[in-house]
Amino acid sequence: MPDDPLRPQTQALLDAVNALDLDALRAMVDDDYGIVDVDPQGQSVVIETKDAWDAYMTTNFAAMRAAGAALSSRVTGYHGEEAGEMGYSVVTFVQRVQIGETVIENPCVATIVWKRTPEGWKEARWHCSPAPA
């Protein structure tokens, strides 16, 4: 990986989702500013509180596990900046979900706001949208 600011943290978020590792994801996220995610139908999901985020992720991860889903992400573009206690990254990626013989690939673009904490960088805002294929 190039030495792009916040790229290792961004990749770690994607890796935690792909591993369906909710505990690892929780340790990296402190969504002070909420999230906007994409549901399986490609629609925006707006989540404004940490409790709602946890419920949303718990439900999604459980459904993926129950379906026997295998997830992976292929990063196709990246830009990140750090400025003191805050930073951001913009990542384009293809989220791949395989359930049995069925494979779904969703091109996405995410803008992530990061904040520096005593424990290291934490995601403070995630905004993901479908990207053109």
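It should be emphasised that the depicted structure is a prediction, and the values quoted were computed from it without experimental measurement.

(A) Inspection of the overall build of the protein chain at higher detail. A tally of helices and strands in the protein chain yields three helices and six strands. Across the protein chain, helices and strands are ordered from the amino to the carboxyl terminus as α-α-β-β-α-β-β-β-β. For a compact globule of 133 residues, the expected C-alpha radius of gyration is about 14 Å, and the protein chain comes in at 14 Å, within 12% of that figure. Based on the C-alpha atoms only, the size of the protein chain along its principal axes is roughly 45 × 30 × 25 Å. Scored against the burial criterion, the 133 residues of the protein chain give a buried share of 38%. Sequence separation of 24 or more characterises 51% of the internal contacts of the protein chain that already satisfy a separation of 6 or more. Accessible surface computed for the protein chain: about 7,300 Å², of which carbon and sulfur atoms make up 54%.

(B) Region of interest: helix α1 (residues 7–18). Between its first and last C-alpha, α1 extends 16 Å over 12 residues, near the 16 Å set by a 1.5 Å rise per residue. Taken together, the buried residues of α1 touch α2 (22–28), α3 (50–67), β3 (70–83), β4 (86–99), β5 (102–117) and β6 (120–130). Directly beyond the C-terminal end of α1, a positive phi value near 55° is found at Leu20.

(C) View of the layout of surface pockets. What the largest pocket holds in volume is close to 760 Å³. What lines the largest pocket is a set of 33 residues, and nearest its centre among them are Val17, Asp37, Val38, Met64 and Gln95. Secondary structure elements with two or more residues in the lining of the largest pocket: α1, β1 (35–38), α3, β4, β5 and β6. It is α3 that contributes the most residues to the lining of the largest pocket, seven residues altogether.

(D) Looking closely at the pattern of salt bridges. Throughout the structure, instances matching the rule amount to eight salt bridges. Asp4 is paired through a salt bridge with Arg7; the nearest N and O atoms lie 3.7 Å apart. Taking relative accessible area as the criterion, Arg7 reaches 16% and is therefore assigned buried. Residue Arg26 pairs with Asp23 through a salt bridge whose shortest N-O separation is 3.0 Å. Linking Arg26 with Asp23, this pair stays in helix α2, spanning three residues, or about one helical turn. Members of the salt-bridge network, linked through shared partners, are Asp23, Arg26 and Asp54.

What counts and what doesn't
- Residues numbered from 1 in each chain as written.
- Predicted model: local features only at pLDDT ≥ 70, side-chain atom pairs only at ≥ 80, totals over all residues.
- Heavy atoms only, no water.
- Helix = DSSP H or I, 4+ residues; strand = E, 2+ residues; numbered from the N terminus.
- Rg over C-alpha atoms; globule rule 2.2 N^0.38 Å.
- Buried < 20%, exposed > 50% of the residue type's maximum accessible area, 1.4 Å probe, protein only.
- Contact = heavy atoms within 4.5 Å.
- Areas by Shrake-Rupley, 256 points an atom, 1.4 Å probe, with all protein chains shown as cover.
- Expected span 1.5 Å × (residues − 1).
- 1 Å grid on protein atoms, 1.4 Å probe; cavity = no way out; pocket = protein on both sides within 12 Å on 5 of 7 lines; lining within 4 Å.
- Points joined across faces, edges and corners; volume = space filled by probe spheres on them.
- Salt bridge = Lys/Arg side-chain N within 4 Å of Asp/Glu carboxyl O.

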